Amino acid sequence: MPEVRLITPITRQSTKKMQVAAYCRVSSNSADQLNSYAAQIRAYKKCIGARDDWELVDIFADEGLTGMKSETRDEFQRMIRMCELKQIDLIITKSISRFARNTKDALAYVRKLKLLGVGVQFEKEGISTLSMGDEMLLNTFSALAQEESQSISMNQRLSIVKRMELGEYVDSNAPYGYRLVDKMLTVYEPEAGIVRNIFALYLQGFSTSEIARELNKLNIPTKAGKEIWRPSRVAYILKNERYIGDSFYQKTYRETTVPFNQHPNRGQEDRFYAKGTHPGIVEKDVFDAAQILIEKRKDVFAKATTQNIYPLTSRIQCSECGSFYRRRIVSGTVKWVCSLHKDDSTACDSNYYSEERIYDGFISMVNKLRFSEDNILGQVISRLEMTLAAMKRNNLAARDLSKSIAELNAKLLMLEQLRSKGYLAPEVYQAQANEISAELAKLKDVRQEKFNSKAAIMLEEVKKLKMLIFELEEPLDAFDEKLFLEIVKSIQINKEDEMSVELLGGLRFRERI
């Protein structure tokens, strides 16, 4: 009789699904664009859900934001962070122009994602970045998207200049004391009273530093809602012609090519002065008296030679011999020189440098850090955060804490999304957000004790540096002593006329002076 043996079936192991995310963006807050944004979300959910081997991770969507600067797109940055944490395998997006209009940004992020093993699939162009040879196509399409952006920017620029010529242009950034109502500057009395008080105190003899201290004592917030008033912010108000109802257009100008860097306008572009463009806050005679006093104090400050302590005192060191620089008046000009070279010019091969050259080097460095498209400080912060993240991943004692913090952050983000879309009442949102934030603070304090490293301290200092520099609303055109003293640790100058500046966090930057 035949012998029968039962062969049990081998259980087929389930194939791991590809973790897929979608990114979409609309470039304005208009109703039509927001409808497009909602339609994109629906389409991506349907597209990813139709694939058995795909699993939807999340849909990242930035509303009403430009594609030129990736660092201003919060959802885009959150998506990149999730890719770094190996939570995403593939990103699908409508087109290269939706991903980024800046060629440099597009290629940098695609390369970064490829190194992480994450692909980007562009539907319109039919490109998958993980396929061989696609980077050349990506370069081409990115260049086209950038060209389109430059064309749009130029057309907008011509339109703006025309409105400036007619005195009809209204900046979207209303100064302190004003609000934009129906595209017109309207006096906002709660802040306008502060502006009038600033002018009154200045004419009574208060300095900008003393006025800033008074405002800080009274806990009066700045226009951005920050608690700290700086002398430079007070000085900006005192010199702003818009407080008498006039508008001085194109104090600064932008380059016509990507990355559209901004510079002080010293005659490179036409400037326009329009009178009576909006209601004033202070009387013209008060404003004019303040300008006369500003110039008078500037002359007095420039002629003052009795002080022994200056912003550069004990901060400049000679790269050749290590001696500190000293201040000297040479033919009526303030100069700084290596103390060893001053006593014996043959003992150190260094030079004299005018104070103005050193200050100009500092101004140039600050403007690059604040207004450069490269976002140098943002890159440093990102790398430090990645370093700390790697340290935390390898620290078993803090892993559970990090997981709990991530979960609370996700809840906080979800609450914010629900509130912004009107699904959650403000008071309910605030109560729950406060509770989560308090718990987050406790967990972070416990975790910080386990990661009290030099990298963590450096990260905090660099964040403070970025916060101080990014308070600037327009490029520096004059030396800011308070900012200098807050961010500069030391300076070295070599005989090749190179100034090396050490800032908060130990960062060093070179400027030729």
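Data block above holds the structure.
Thresholds applied
Residues numbered from 1 in each chain as written. Predicted model: local features only at pLDDT ≥ 70, side-chain atom pairs only at ≥ 80, totals over all residues. Heavy atoms only, no water. Buried < 20%, exposed > 50% of the residue type's maximum accessible area, 1.4 Å probe, protein only. Helix = DSSP H or I, 4+ residues; strand = E, 2+ residues; numbered from the N terminus. Pairing = 2+ DSSP bridges. Axes fitted to C-alpha atoms, helices over the stretch in contact; angles between N-to-C directions. Contact = heavy atoms within 4.5 Å. Parallel < 35°, antiparallel > 145°, perpendicular 65-115°, else oblique. Nonpolar A, V, L, I, M, F, W, Y, C, P; charged D, E, K, R; others polar. Patch = residues over 30% accessible without salt bridge, like charges linked within 9 Å, V, L, I, M, F, W, Y side chains within 5 Å. Areas by Shrake-Rupley, 256 points an atom, 1.4 Å probe, with all protein chains shown as cover. Salt bridge = Lys/Arg side-chain N within 4 Å of Asp/Glu carboxyl O.

Let's talk about helix H2 (residues 74–84)
The buried count for H2 comes to 8 of 11 residues, which makes it a mostly enclosed element. Of the residues making up H2, those classed as buried are Glu 75, Phe 76, Gln 77, Arg 78, Met 79, Ile 80, Met 82 and Cys 83. With its phi angle positive at about 65°, Lys 86 sits one or two positions after the end of H2.

Digging into unusual backbone geometry
Here the phi dihedral of Asn 219 falls at roughly 55°; this positive angle occurs in a residue that is not glycine. Along the chain, the position of Asn 219 falls in the loop between helix H7 (208–217) and helix H8 (231–238). Here the phi dihedral of Ser 314 falls at roughly 60°; this positive angle occurs in a residue that is not glycine. Summarising the element assignment, Ser 314 is placed in the loop between helix H9 (284–303) and strand E12 (316–318). Relative accessible area serves as the criterion here: at 55%, Ser 314 is assigned to the exposed category.

Some points on the sheet that holds E12
As summarised here, the arrangement of the 4 strands in space is E12-E16-E17-E18, forming an open sheet in which the pairing is mixed. Of all strands in the sheet, those with a lone pairing partner are E12 and strand E18 (508–512), marking the two edges. The mean inter-strand angle of the sheet, taken between neighbouring strand axes irrespective of direction, is 25°. Sheet topology places E12 next to strand E16 (residues 488–493); 3 bridges connect them, and they run parallel. Opposite Ile 316, over in E16, you have Ile 491 as the bridge partner.

Section: the sheet that holds strand E15 (residues 352–354)
Here we have 3 strands laid out as an open sheet, ordered E13-E14-E15, and antiparallel in their pairing. The open sheet has two free edges, formed respectively by strand E13 (325–330) and E15, since each of these has just one partner strand. Neighbour-to-neighbour, the strand axes of this sheet turn through a mean angle of 35°, independent of strand direction. Taken together, the 3 bridges between strand E14 (residues 333–338) and E15 define a ladder with antiparallel strand orientation. Bridge pairing in E15 links Lys 335 to Ser 354. Together, E13, E14 and E15 form the strand contacts of helix H11 (residues 355–371), whose direction differs from that of E15 by roughly 65°.

Section: the packing of helix H6 (residues 189–203) against H8
Running from N to C, H6 and H8 point in directions that differ by 95°, and their axes come no closer than 10 Å. For the element pair H6 / H8, the angle class is roughly perpendicular. Contacts from Val 195, Ile 198, Phe 199 and Tyr 202 in H6 reach Val 234, Ile 237 and Leu 238 in H8. When its residues are assigned to classes, the contact of H6 with H8 shows 7 nonpolar, no polar and no charged.

Some details on a nonpolar patch on the surface
A surface patch of nonpolar side chains, about 350 Å² in accessible area, is lined by Met 414, Leu 418 and Tyr 423. Within the fold, Met 414 resides in helix H13 (residues 396–420). Relative accessible area serves as the criterion here: at 53%, Met 414 is assigned to the exposed category.

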